[in-house]
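Topology and contacts: notes
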Amino acid sequence: MFSTLWTIIITKPLYNGLIFLMHSLPFADAGIIVIIFTVIVKLILFPLSVKASRAQLQMKSIEKDLAAIKEKYKEDKAEQSKQTIEYYRAHGINPFASFFILLIQLPIIIGLYRVFLHSGLPVINTALLYPFVSAPSSVHMMFLGLIDISHKSLVLAILAGVTTYIQFHVANASQNTSTGTGTQADIAKAMAVQMKYIFPVIVVFISYSISAAVAIYWITSNLFAIGQEIYIKKKYHKDVVVV
């Protein structure tokens with residue numbers, strides 16, 4: 001049941017969007033189409049990303065106040081919870097806003113990855129196509145005339161890992177305003193460092209194990225995330241009220 005709903009709501013629309021672009025841009029190779037389609041989906045999700053980023057920054061700006069409430073009412077957990085809720089209400093803050101916004105994006109991001117993972121290109125799965133979407137007469141798999149993305153590519157896999165590392169670095173740099181201290185903060189920082197160095201290696205392994213198409217998806221997604229992080233920080237973070 002869940003698999004069927006996932007296909008209908010997520011996989012099928014994304015797959016049709018990919019094939020529609022291939023049919024509409026017959027002069028572009030599959031790698032270029034993967035890049036264009038990934039960027040289009042990311043642009044659609046961009047407003048949600050802005051809201052999530054602003055919500056995260058707002059939560060970081062009140063860490064000292066929340067810590068003070070926690071310390072003041074440390075002997076009375078019920079009152080501590082009450083005062084924390086009142087603080088959120090008084091400042092118009094939804095502590096779960098960032099989580100919910102990211103939760104909305106997650107199925108689409110996973111679906112986009114799975115579309116490239118199971119695309120089967122250059123073969124087109126016509127059973128998944130809507131009646132108004134036509135399959136292209138041929139699919140050009142030579143990315144920029146250099147790399148056959150239906151196969152593995154160590155170069156693209158390494159680039160996927162490198163851009164993942166840079167993306168983590170930029171994201172962490174944007175979050176250095178955190179004032180959290182103590183064991184929980186130390187654990188969070190340690191996990192962030194581990195993810196920064198370990199996850200890029202995992203991305204290289206996954207990208208090389210599957211196909212170059214997946215590597216191109218990772219590279220495009222990472223580069224977009226890097227640009228998005230820089231843009232959001234410069235344009236929107238200065239407008240967030242620090243309480």
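Residues numbered from 1 in each chain as written. Predicted model: local features only at pLDDT ≥ 70, side-chain atom pairs only at ≥ 80, totals over all residues. Heavy atoms only, no water.

Moving on to the nonpolar core. Counting residues in each nonpolar core, the largest one holds 39 residues, and the members touching the most others are Met 22, Phe 37, Phe 116 and Ile 149. Contributions of two or more residues to this core are made by α1 (2-24), α2 (30-61), α5 (97-117), α6 (154-174) and α8 (212-235). Discounting residues that sit within four places of it in the chain, Phe 37 has contacts with Leu 14, Gly 17, Leu 18, Leu 21, Leu 112 and Phe 116. Ile 69, Tyr 73, Tyr 87 and Tyr 88 belong to the second largest nonpolar core, which has eight residues in total. (Core = buried A, V, L, I, M, F, W, Y, C linked by side-chain atoms within 4.5 Å. Buried < 20%, exposed > 50% of the residue type's maximum accessible area, 1.4 Å probe, protein only. Helix = DSSP H or I, 4+ residues; strand = E, 2+ residues; numbered from the N terminus. Contact = heavy atoms within 4.5 Å.)

Before going further, it helps to examine unusual backbone geometry. Despite not being glycine, Leu 144 shows a phi value in the positive range, around 55°. Along the chain, the position of Leu 144 falls in the loop between β1 (142-143) and β2 (147-148).

A few words on a nonpolar patch on the surface. On the surface, a nonpolar cluster with roughly 880 Å² of combined accessible area is contributed by Leu 154, Ile 158, Val 162, Tyr 165, Ile 166, Val 193, Tyr 197, Ile 198, Ile 202 and Tyr 208. Among the secondary structure elements, those contributing two or more residues to the nonpolar patch are α6 and α7 (183-210). Looking at the element boundaries, Ile 202 is found in helix α7. Its relative accessible area of 37% is what places Ile 202 among the partly exposed residues. (Patch = residues over 30% accessible without salt bridge, like charges linked within 9 Å, V, L, I, M, F, W, Y side chains within 5 Å. Areas by Shrake-Rupley, 256 points an atom, 1.4 Å probe, with all protein chains shown as cover. Salt bridge = Lys/Arg side-chain N within 4 Å of Asp/Glu carboxyl O.)

With that out of the way, let us pick up the side chain of Thr 84. Mapped onto the secondary structure, Thr 84 falls in helix α4 (residues 77-90). By relative accessible area, Thr 84 is classed as buried at 19%. Those residues in contact with Thr 84 that sit more than four places away from it in its chain are Leu 66 and Ile 69.

Attention now moves to the packing of α2 against α8. One way to put it is that α2 packs onto α8 with a least axis distance of 9 Å and a crossing angle of 35°. When the axes of α2 and α8 are compared, the crossing they make is right-handed. Seen from α2, the contacting residues are Gly 31, Val 34, Ile 35, Thr 38, Val 39, Lys 42, Leu 43, Phe 46, Ser 49, Val 50 and Ser 53; seen from α8, they are Ala 213, Ile 216, Tyr 217, Thr 220, Ser 221, Phe 224, Gln 228, Tyr 231 and Ile 232. For the contact of α2 with α8, the residue count by class is 12 nonpolar, seven polar and one charged. (Axes fitted to C-alpha atoms, helices over the stretch in contact; angles between N-to-C directions. Left-handed = near helix turned anticlockwise from the far one by under 90°. Nonpolar A, V, L, I, M, F, W, Y, C, P; charged D, E, K, R; others polar.)

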